[in-house]
Amino acid sequence: MNWQVISHSLPIFAQAFKLTLWLSLVGILGSLIVGALSSLIQYFKVPILSQLFTAYVELARNTPLLIQLFFLYYAFPVIGLKMSATTCGIIGLIFLGGAYMAEGFTGGFSGVNQTQIDNGKALGMNNLQLARYVVFPQGFALSMPALAANVIFLIKETSIFSVIAIPELTNTALDLIGMYYRSNEYLFVLVVAYAIVLIPVILLLNLLERRVRYGTFGD
Amino acid sequence: MEHSVINVLFVGNNFARIMQGLWTSVWISVDSLAAGLVLGTLLGILRTLPSKPLRFILRLYLEFFRIVPTIVLLYLVYYILPRSFNISWPASWMAILAFALWVAAEFSDIVRGAIESVPVTQKESGLALGLSKTQLFRYVLLPQAVQLELPATINLATRVIKTTSLLMMISIMDVIAIGQQIIEANNQKYPTAVFWIYGLIFILYFIIDYPLSLWSKKLAAKENR
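Predicted model, so just to flag it, every value in this text is computed and none were measured.

Q: Give me the packing of aromatic side chains: which residues, what numbers.
A: Here the structure, examined in full by the defined rule, presents 27 aromatic pairs over all chains. For the pair Phe136 of chain A and Phe140 of chain A, a centre-to-centre distance of 5.8 Å together with 25° between the ring planes defines the contact as stacked. In this pair, Phe136 of chain A and Phe140 of chain A are both assigned in helix H6 (residues 127–157), four residues apart and thus about one turn of the helix distant. Here Tyr78 of chain B and Tyr79 of chain B contribute two aromatic rings whose centre-to-centre distance is 5.5 Å and whose plane-to-plane angle is 70°, an arrangement assigned as edge-to-face. Taking the relative accessible area as the measure of exposure, Tyr79 of chain B reaches 15% and is therefore buried. Grouping aromatic residues by their ring pairs yields a cluster made of Tyr43, Phe44, Phe105, Phe109, Phe136 and Phe140 of chain A. Here the guanidinium or amino end of Arg61 of chain A rests over the ring plane of Tyr100 of chain A, the centre of that ring lying 5.3 Å away. The aromatic ring of Tyr181 of chain A is capped on one face by Arg83 of chain B, whose charged end is 3.6 Å from the ring centroid.

Q: How would you summarise the side chain of Asn62 of chain A if you had to cite specific residues and measurements?
A: Mapped onto the fold, Asn62 of chain A is located in the loop between helix H2 (49–61) and helix H3 (65–75). A distance of 2.5 Å separates a polar atom in the side chain of Asn62 of chain A from a polar atom in the side chain of Ser213 of chain B.

Q: Could you give an account of the environment of Thr164 of chain B, naming the residues involved and the relevant values?
A: Residue and element names in this part refer to chain B. Locating Thr164 in the fold gives a position in the loop between helix H7 (133–163) and helix H8 (175–186). Judged by relative accessible area, which is 0%, Thr164 ranks as buried. Once the C-alpha coordinates of Thr164 and Ile96 are considered, the two residues, 68 residues apart in sequence, prove to be 9.8 Å apart. Of the polar contacts made by the side chain of Thr164, one reaches the side chain of Tyr205; its length is 3.3 Å.

Q: Quick one: what's the story with the pattern of salt bridges, residue by residue and with numbers?
A: For the coordinates displayed, the defined rule picks out 10 salt bridges over all chains. Across the salt bridge formed by Glu103 of chain A and Lys217 of chain B, the nearest N and O atoms sit 3.5 Å from each other. Here the residue Glu103 of chain A occupies a position in helix H4 (residues 85–110), and Lys217 of chain B occupies one in helix H9 (residues 193–224), the pair thus bridging two chains. Across the pair Asp109 of chain B and Arg66 of chain B runs a salt bridge whose closest N-O atoms are separated by 3.0 Å. Here Asp109 of chain B, found in helix H5 (residues 91–116), pairs with Arg66 of chain B, found in helix H3 (residues 52–67); they are 43 residues apart in sequence, far enough to count as distant. We classify Arg66 of chain B as partly exposed; its relative accessible area is 31%.

Q: I'd like to hear about the interface of chain A and chain B, residue by residue, with values.
A: Facing the 37 residues of chain A at the interface are 35 residues of chain B. In total, chain A and chain B occlude about 3300 Å² of area from one another, counting both sides; carbon and sulfur atoms represent 75% of this. The interface formed by chain A and chain B holds two salt bridges in total. We note a salt bridge from Lys217 of chain B to Glu58 of chain A, for which the minimum N-O separation is 2.9 Å. Our enumeration of links across chain A and chain B arrives at nine residue pairs in polar contact (both at pLDDT 80 or more). Listed by contribution, the elements that provide at least two residues to the side of chain A that touches chain B are H2, H3, H4, H6, helix H7 (169–180) and helix H8 (183–217) of chain A. If one sorts the elements of the side of chain A that touches chain B by residue count, H8 of chain A sits on top with 10 residues. The class makeup of the residues in the side of chain A that touches chain B is 25 nonpolar, eight polar and four charged.

The rules behind the values
Residues numbered from 1 in each chain as written. Chains lettered and ligands numbered in written order. Predicted model: local features only at pLDDT ≥ 70, side-chain atom pairs only at ≥ 80, totals over all residues. Heavy atoms only, no water. Phe/Tyr/Trp six-rings, centres within 6.5 Å; stacked < 30°, edge-to-face > 60°. Helix = DSSP H or I, 4+ residues; strand = E, 2+ residues; numbered from the N terminus. Buried < 20%, exposed > 50% of the residue type's maximum accessible area, 1.4 Å probe, protein only. Lys NZ or Arg CZ within 6 Å of the ring centre and 35° of its normal. Polar contact = N/O pair within 3.5 Å; in protein donor to acceptor, adjacent residues only side chain to side chain. Salt bridge = Lys/Arg side-chain N within 4 Å of Asp/Glu carboxyl O. Contact = heavy atoms within 4.5 Å. Buried area = accessible area lost by both parts, 1.4 Å probe. Nonpolar A, V, L, I, M, F, W, Y, C, P; charged D, E, K, R; others polar.

These values are about where atoms sit, not about what they do.
Dropping the structure here:
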């Protein structure tokens, strides 16, 4: 292990670190939106749309991100849709993450007590109001553990972006190894970088999970 | 367009080669899972023992695999084994090693959780019958734990299968690598080959993983009832 090699590579890794963070953030926010929407549509069994979203969730969850990215990046230009690698990465991550988040939300929504929904209906709420005031707030708290696991999963999945040459952490490490043949040093920095991203996120999510649970149900 | 798909797929032995690549992905998944489940069961049992240092070390092991993406694990094994330990294995063995260690970490957590959720009365009844510690695990805790952990285990299997898509990164001739070769060889004659070949591989993965996730969901629903 040569420390000079490591310190020389740090500015390059810092750039990659920022990109990984930014891609993760956009991917996670997008996934949460797509997931919540798709799960609510499935929950209220909106005709046609709910079947479509169910098909989407199953397709996205049961195929690897790598082949989804290859399809977006290499196959879509053939039918006239050319996008930059970064755009493909973000779309791919949201496609995958949205399905995982949808499953997470669905698990939470199905845990909302039926009497809560019956009471809402008795009060004359329509589906939109039920979603907004009853199902979503309680279901969200119940789905927190699954959503938190997905957040960690999605951050790690950004490493797959390296296959379409997005200069995030993994891609940067592989590039450096290819150029200077210093695998131990660069892999060491890579693992430490992921630890720096993920450890605080894991701790924060644990805290948030307890807070949301306490805030909603008081236990 | 339709003709070009059929041509590309059946020119020479392209379809057979894709299936061969798929087979590589499947056997690597099966081997990694088998090795990982055995090691994971051992680690999971060890994690239910009262020894604090042992628990701490095994927890660290688990957390390491939680933090490091699988693609990075693959490269760690791929670069470090030959360069630092002078071990030159075929790439497929290295992939199996990396995946098995990862599966073992995840599975140890599933096993620990399942053993701990077997009702205490079961354990006490076993001890009251005069079972030894080993007998208790063998006849009481493990059989019940297996049932509890089955949906999560099937889920893990679907993840391992999806993760085999990374094999091409360490130059293993898996289904995607072979697909790439076919695309490159036919690019001039059939420019749409890329669409159909990657589409086919996408569907192949779905055909393998979807029944497994359905099965796991069904089992989980049955348990919750």
